[in-house]
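This is what each chain is made of:
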Amino acid sequence: MEPENPTPAPAVPPDPQQSLFARDGALAPQAAGPDGIRWVFMGPQGLRAGWSVLIFIALFIAFASAINFGVKLAHVAPPDRKTLTPQLAFFGELFQVLLLLLITFIVSRIERRKLGDYNLRGPRRLAHFGGGLITGFLALSALVAGLSAGGWLHLGSIALHGSQILLYAGAWGATFFLVGCFEEGTMRCYMLYTFTRGINFWWAGGITGAVCVRMIVAGKGNGVWGVYAIALLGLLPCLWLQLKKAEATGFWCAAWVTSTLFGAVHTGNNGETWIGVFSAAGIGFVFCASVRLTGSVWWAIGCHAAWDWAETYFYGTADSGLMAKGQLFTATPAGDPLWSGGTTGPEGSLLVIPIMLLILLVLVVFYGRKRQAAVPAPLAEQAAG
């Protein structure tokens, strides 16, 4: 894995073996002295990145398994998921966010960091969050407009009336804020930050390759070709950065890995297609770029929440194959699913690709010139070690 590049303390010489593995992907030679094999686990910045990720994943699995076991012992009937209600979705997402906070807090204590270190700091956080909200709503609106103009989506009349409009708008707004916090908190906070401080192209390629092989062997999942596509798309750019020995290699390799993982997670959704999975992975990469450009994850959280809110509540379309109760408008896909999105929703349409590129362009235009003033936490923070 690639070593992190923080500014070292003046009294401590830089160590080329700061990550779990040496720069060339091989294990570093054993350190001399009384510490012996300590270098395998610890570096000048504390626990090495590879072990941090493994502990994070292990804690998630352990807590989830314990909770599922407790539910079975209590003989609690699973909720009816045929129709997604805001109450069911809100409490489900709230539980996940609380679990994420608990696990991240535990790992942060092990790493001797603070929760804010994981891409939650940065300048103008509230303004960036607001900018993300506006961008997410406008981007999904542009996608819906394109689908409607092409005859691939038919918008119906308003389905809610009176106080129901505000009630469902608030309920779904709170729910999708939690969705943004959980998904961005997992992928663009902890995972992106930790992979950035300890990965190179060879390990990034190994991880993405392992994800693809596992999906091939498992032989199940919806839209798995979207995962293969994003894995292949990042291969040559990240290799080029590695060969160039670019300073930002670790960050973009981490973006490649987390985007591939994000797409793989979406293959478990009913009604997904390869385009829907590819768009999930692709927007994940755009959110990684937003962290690089704004210095924190808050723009991504706002954009993610507003996109899902507009898709599910405002326009009443399917969201990753799921339909919800309490939609403002009604919408029906029409024609070839390759263009309409079919059961996946608007993000299952090929039109989502230019929309993602448009969002990326907006980010570069509005925040690209200010990047030096908003250095992302993975590159600016000097960890305790």
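Everything numeric here is computed off the predicted structure, so don't read it as measured data.

Draft legend 1. Structural context of the overall build of the protein chain. A tally of regular secondary structure across the protein chain gives 13 helices and 4 strands. Taking all 385 residues of the protein chain together, 49% fall into the buried category. Within the protein chain, counting contacts between residues at least 6 apart in sequence, those at least 24 apart form 79% of the total. Put simply, the protein chain shows about 18,100 Å² of open surface, and 70% of that area lies on carbon and sulfur atoms.

Draft legend 2. Focus on the packing of aromatic side chains. Under the definition given, this model contains 21 aromatic pairs. Here phenylalanine 90 and phenylalanine 91 contribute two aromatic rings whose centre-to-centre distance is 5.3 Å and whose plane-to-plane angle is 85 degrees, an arrangement assigned as edge-to-face. On the accessibility criterion, phenylalanine 90 (26% relative accessible area) is partly exposed. When its relative accessible area of 54% is taken as the criterion, phenylalanine 91 is described as exposed. Of the aromatic side chains, those joined through ring pairs into one cluster are Phe56, Phe60, Tyr118, Phe182, Tyr190 and Tyr193. Sitting over the ring of phenylalanine 262, arginine 188 keeps its end group 4.4 Å from the ring centre. Taking NZ or CZ as reference, arginine 292 lies 5.5 Å from the ring centre of phenylalanine 251, over its face.

Draft legend 3. Structural context of the layout of surface pockets. Of the volumes computed, that of the second largest pocket is approximately 420 Å³. Considering the residues around the second largest pocket, the lining is formed by 17 residues, among which Ile230, Leu233, Gly234, Gly282 and Phe285 are closest to the centre. Where the lining of the second largest pocket is concerned, the elements lending two or more residues are helix H6 (224-233), helix H7 (235-244), helix H8 (249-266), helix H9 (274-294) and helix H12 (352-367). Along the lines of polarity and charge, the residues of the lining of the second largest pocket split into 14 nonpolar, 3 polar and no charged.

Draft legend 4. Up close: the nonpolar core. Ranked by size, the top nonpolar core spans 73 residues in total, and within it Phe56, Phe195, Trp307 and Ile359 carry the most contacts. Setting aside chain neighbours within four positions, we find phenylalanine 56 in contact with Leu100, Ile103, Thr104, Val107, Thr186, Tyr190 and Met191. Leu160, Ala169, Phe176 and Ala324 belong to the second-largest nonpolar core, a separate cluster that totals 10 residues.

Draft legend 5. Fine view of the confidence of the model for the protein chain. Across the protein chain, the average pLDDT comes to 85, with 83% of residues at or above 70. Low confidence marks residues 379-385, where pLDDT is under 50. Its contacts with residues over four positions away, or in another chain, come to 24 contacts.

Draft legend 6. Structural detail: unusual backbone geometry. Phi is positive for asparagine 119, which is not a glycine, with a value near 65 degrees. Turning to its location among the elements, asparagine 119 is positioned in the loop between helix H2 (86-111) and helix H3 (125-149). Looking at asparagine 119, the relative accessible area reads 0%, which means it is buried. Phi is positive for arginine 124, close to 50 degrees, though the residue is something other than glycine.

Draft legend 7. Region of interest: the side chain of threonine 317. Looking at the secondary structure, you find threonine 317 in the loop between helix H10 (298-314) and strand E4 (329-333). Within the local environment of threonine 317, its side chain forms a polar contact with the backbone oxygen of glutamate 311, the two atoms lying 2.8 Å apart. Residues within four places of threonine 317 in sequence aside, it is in contact with Leu153, Glu311, Thr312, Leu322, Met323, Gln327, Ala331 and Pro346.

Draft legend 8. Representation of the environment of lysine 325. Looking at the secondary structure, you find lysine 325 in the loop between H10 and E4. The spacing of lysine 325 and tryptophan 172 is 153 residues in sequence and 9.9 Å in space, taken between C-alpha atoms.

Draft legend 9. Layout of the packing of helix H1 (residues 49-74) against H2. Remark: H1 packs on H2, axes separated minimally by 10 Å, with the N-to-C direction vectors making an angle of 140 degrees. Classed by the angle they form, the pair H1 and H2 counts as oblique. Considering how the two elements wind past one another, H1 and H2 form a crossing that is right-handed. Mapping the contact onto sequence places Ser52, Ile55, Phe56, Leu59, Phe60, Phe63 and Ile67 in H1 and Phe95, Leu99, Leu100, Leu102, Ile103, Thr104, Ile106, Val107, Ile110 and Glu111 in H2. Class assignment of the residues belonging to the contact of H1 with H2 gives a composition of 14 nonpolar, 2 polar and 1 charged.

Draft legend 10. Molecular detail of the pattern of salt bridges. Under the criterion given, the structure shown has 4 salt bridges. Glutamate 111 is the salt-bridge partner of arginine 197, the closest N and O atoms lying 3.6 Å from each other. Placement of the pair is arginine 197 in the loop between helix H4 (163-196) and helix H5 (201-218) and glutamate 111 in helix H2, with a sequence separation of 86 residues. For the pair shown, arginine 197 and glutamate 111 are each scored as buried. The salt bridge involving arginine 188 is made with glutamate 184; its shortest N-O contact spans 2.7 Å. Here arginine 188 pairs with glutamate 184, and both are found in helix H4, just 4 residues apart, close to one helical turn. Glutamate 184 gets classed as buried once you look at its relative accessible area, which sits at 0%. Ionic contacts of the salt-bridge type, sharing partners, join the residues Glu111, Arg113 and Arg197 into one network.

Procedures and definitions
- Residues numbered from 1 in each chain as written.
- Predicted model: local features only at pLDDT ≥ 70, side-chain atom pairs only at ≥ 80, totals over all residues.
- Heavy atoms only, no water.
- Helix = DSSP H or I, 4+ residues; strand = E, 2+ residues; numbered from the N terminus.
- Buried < 20%, exposed > 50% of the residue type's maximum accessible area, 1.4 Å probe, protein only.
- Contact = heavy atoms within 4.5 Å.
- Areas by Shrake-Rupley, 256 points an atom, 1.4 Å probe, with all protein chains shown as cover.
- Phe/Tyr/Trp six-rings, centres within 6.5 Å; stacked < 30°, edge-to-face > 60°.
- Lys NZ or Arg CZ within 6 Å of the ring centre and 35° of its normal.
- 1 Å grid on protein atoms, 1.4 Å probe; cavity = no way out; pocket = protein on both sides within 12 Å on 5 of 7 lines; lining within 4 Å.
- Points joined across faces, edges and corners; volume = space filled by probe spheres on them.
- Nonpolar A, V, L, I, M, F, W, Y, C, P; charged D, E, K, R; others polar.
- Core = buried A, V, L, I, M, F, W, Y, C linked by side-chain atoms within 4.5 Å.
- pLDDT = per-residue confidence, 0-100.
- Polar contact = N/O pair within 3.5 Å; in protein donor to acceptor, adjacent residues only side chain to side chain.
- Axes fitted to C-alpha atoms, helices over the stretch in contact; angles between N-to-C directions.
- Parallel < 35°, antiparallel > 145°, perpendicular 65-115°, else oblique.
- Left-handed = near helix turned anticlockwise from the far one by under 90°.
- Salt bridge = Lys/Arg side-chain N within 4 Å of Asp/Glu carboxyl O.

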